[in-house]
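# Breakdown of the fold
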Amino acid sequence: GNSVTQMEGPVTLSEEAFLTINCTYTATGYPSLFWYVQYPGEGLQLLLKATKADDKGSNKGFEATYRKETTSFHLEKGSVQVSDSAVYFCALSSQGTSYGKLTFGQGTILTVHP
Amino acid sequence: GAVVSQHPSWVICKSGTSVKIECRSLDFQATTMFWYRQFPKQSLMLMATSNEGSKATYEQGVEKDKFLINHASLTLSTLTVTSAHPEDSSFYICSAATGTSGFNEQFFGPGTRLTVL
């Protein structure tokens, strides 16, 4: 079956530091890949997505590249801000899943200090 | 836009009682709603998928008689935990999506914390 593995947190960084959160996946076929973010007290929000190999998703300074050869979709940001403190979830949706059923990683807590 | 609410945000109940959780799409019509369960420091696990006006599709291992899902309108789905027990204590999250084909972005509610004593 499908699975997503994220690097364990929590991750604590100083403002303006470089961020990487690793994500690898196991899936049949050609899944679509996503990063979701959950700010304190709010629901999950789609941060970015990539639907085929070598695609790069980007949003709010975050980027992730769909690497089929390494089955990875690592999240990066060059300079984090305090407002980026949140929980980040990597997820996939299998090809052909008519309702876009999502499989999530376990989430990574990011805390950014001033 | 695309706001999903859940009510209540937290609930404490006694073992053996039933609890209903509501999920509403506030500014769009949701043909599909999903219910997830999240344990501490663990991933979201999909429990069931519901389409307006039809029976929910449950994931393997989820007891459909214990977790009753109703999706009576395009803006409301409910999850009822029947005869709740302490092991049902968890964080329940719903999401809503429009359309029924391809990937349609899911919009998530803030979650409901259930504690069964």
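Our structure is the block above this text.
The structure presented is a predicted model; accordingly, all values stated were derived computationally and were not measured.

### Concerning the overall build of chain B
Helix and strand counts for chain B come out as 0 helices and 11 strands. When the helices and strands of chain B are listed from N to C terminus, the series reads β-β-β-β-β-β-β-β-β-β-β. For chain B, whose C-alpha radius of gyration is 13 Å, the value lies close to the compact-globule estimate of 13 Å for 117 residues. Expressed as a percentage of the 117 residues in chain B, the buried residues total 46%. Surface accessibility of chain B: about 5700 Å² in total, with carbon and sulfur atoms responsible for 53%. For chain B, the distance from the average site of its 9 positive side-chain charges to the average site of its 9 negative ones is 7 Å.

### A few points about unusual backbone geometry
Across the junction of glycine 9 of chain A and proline 10 of chain A, the peptide omega takes the value -5 degrees, indicating a cis bond. Relative to the helices and strands, proline 10 of chain A resides in the loop between β1 (3-6) and β2 (11-14). The omega torsion across histidine 7 of chain B and proline 8 of chain B is 0 degrees, close enough to zero to call that bond cis. Take proline 8 of chain B: it is sitting in the loop between β1 (4-7) and β2 (10-13). Phi at lysine 60 of chain A takes a positive value of approximately 55 degrees, unusual for a residue other than glycine. With respect to the element layout, lysine 60 of chain A can be found in the loop between β7 (56-59) and β8 (62-65). The phi dihedral of serine 83 of chain B is positive, around 45 degrees, even though this residue is not glycine. Mapped onto the fold, serine 83 of chain B is located in the loop between β8 (76-81) and β9 (90-97).

The rules behind the values
Residues numbered from 1 in each chain as written. Chains lettered and ligands numbered in written order. Predicted model: local features only at pLDDT ≥ 70, side-chain atom pairs only at ≥ 80, totals over all residues. Heavy atoms only, no water. Helix = DSSP H or I, 4+ residues; strand = E, 2+ residues; numbered from the N terminus. Rg over C-alpha atoms; globule rule 2.2 N^0.38 Å. Buried < 20%, exposed > 50% of the residue type's maximum accessible area, 1.4 Å probe, protein only. Areas by Shrake-Rupley, 256 points an atom, 1.4 Å probe, with all protein chains shown as cover. Lys, Arg positive; Asp, Glu negative; His and termini not counted. Charge placed at Lys NZ, Arg CZ, Asp CG, Glu CD.

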